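# Overview (structure and organization)
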Amino acid sequence: MEPRAKMTHVTVRKAADGRAVLSQCLKSQLYYCPFCQPSIFKPRDYASVMTHIESHRLKAVLHREFTIFICHLECRTAKHFHCPYCPKTYVNRRDFTKHIPQSDQQFEVVRLLMAYILELMDQYPGSGSST
Ligand SMILES: [Zn+2]
Ligand SMILES: [Zn+2]
Ligand SMILES: [Zn+2]
């Protein structure tokens, strides 16, 4: 297991994450798509899965450093996108691309607020331990 913070969904990737690592079925030696349920995309040989992932990439939504692939996992019955900033998912691509900048801004506000609170806490270091 990787000790990575579980901030974003598997379908939300950054360029820095590098290429998606495919999991392989030990019995059949076939590979899975990390963004689809095996019942939707059956395990195949490496080349076929890479071609399939390329089709995910062509339909992916790009935002800042994020590449958001279409998710076809068990979270919802329909294909959908995961927001990198909040737990919301969208089936409609246009709604999703409208939502991201709004969510991005809210995320920024929360981040600034957190920084402000931390700064305040720094100014009152004894507030945690009374008596
Ligand atoms: Zn897939
Ligand atoms: Zn999902
Ligand atoms: Zn959002």
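Conventions used here
Residues numbered from 1 in each chain as written. Chains lettered and ligands numbered in written order. Predicted model: local features only at pLDDT ≥ 70, side-chain atom pairs only at ≥ 80, totals over all residues. Helix = DSSP H or I, 4+ residues; strand = E, 2+ residues; numbered from the N terminus. Buried ≥ 20, exposed ≤ 12 C-beta atoms within 10 Å, placed from the backbone. Contact = placed C-beta atoms within 7 Å. Pairing = 2+ DSSP bridges. Axes fitted to C-alpha atoms, helices over the stretch in contact; angles between N-to-C directions. Expected span 1.5 Å × (residues − 1). Bend = angle between axes of the 7 residues up to and from the residue. Core = buried A, V, L, I, M, F, W, Y, C linked by C-beta atoms within 7 Å. pLDDT = per-residue confidence, 0-100. Arc of directions from axis to C-beta.

Take the overall build of the protein next. The helix and strand inventory of the protein stands at two helices and five strands. Of all 131 residues assigned to the protein, the portion counted as buried reaches 17%. Sequence separation of 24 or more characterises 34% of the internal contacts of the protein that already satisfy a separation of 6 or more.

Turning to the sheet that holds strand 2 (residues 61–63), a few remarks are in order. Strand order in the open sheet formed by three strands is 1-3-2, and the pairing between neighbours is antiparallel. The open sheet terminates on both sides in strands that have one partner only, identified here as strand 1 (12–14) and strand 2. The mean angle between the axes of side-by-side strands here comes to 25°, regardless of whether they run parallel or antiparallel. Note: strand 1 against strand 3 (residues 66–68), three bridges, orientation antiparallel.

Moving on, we come to helix 2 (residues 93–123). For helix 2, which comprises 31 residues, the first-to-last C-alpha distance of 45 Å matches the rise-based estimate of 45 Å (1.5 Å per residue) to within 8%. Of all the bends in helix 2, the greatest, near 25°, is centred on His-99, and the proline Pro-101 appears no more than four residues after it. By the criterion of burial, helix 2 is predominantly exposed, with just two of the 31 residues buried.

Quick look at the nonpolar core now. Ranked by size, the top nonpolar core spans 16 residues in total, and within it Cys-33, Phe-35, Val-49, Ile-68, Phe-69, Cys-71 and Phe-81 carry the most contacts. Put simply, the parts of the chain that give this core at least two residues each are helix 1 (46–58), strand 3 and helix 2. Sequence-distant contacts of Ile-68, that is, excluding residues within four places in its chain, are made with Thr-11, Val-12, Ala-60, Val-61, His-63, Phe-81, His-82 and Pro-84.

In this structure, Gln-29 is a non-glycine residue whose phi angle is positive, near 65°. Its location among the elements puts Gln-29 in the loop between strand 1 and helix 1. A positive phi angle, near 50°, is found at Arg-64, a position not held by glycine. Turning to its location among the elements, Arg-64 is positioned in the loop between strand 2 and strand 3. Its 10 C-beta neighbours within 10 Å are what place Arg-64 among the exposed residues.

A few words now on the confidence of the model for the protein. Mean pLDDT over the protein works out to 88, with 89% of the residues at or above the 70 mark. This model gives residues 1–5 a pLDDT under 50, and the stretch forms zero contacts once residues within four places in sequence are excluded.

It is worth spelling out the environment of Lys-88 at this point. Mapped onto the elements, Lys-88 comes out in the loop between strand 4 (81–82) and strand 5 (89–90). Assessed through the 14 C-beta atoms surrounding it within 10 Å, Lys-88 is described here as partly exposed. Sequence spacing of Lys-88 and His-99 is eleven residues, and the spatial spacing of their C-alpha atoms is 9.5 Å. Not counting residues within four places of it along the chain, the set of residues in contact with Lys-88 comprises Cys-83 and His-99.

With that out of the way, let us pick up helix 1. The first and last C-alpha atoms of helix 1 sit 19 Å apart over 13 residues, in line with the 18 Å expected at 1.5 Å per residue. For helix 1, every residue scored as buried is listed here: Val-49, Ile-53 and His-56. Taken around the axis of helix 1, the buried residues stretch over an arc of 45°, which confines them to a single face. Structural note: helix 1 exposes Ala-47, Thr-51, Glu-54, Ser-55 and Leu-58 on the side pointing more than 90 degrees away from its buried face.

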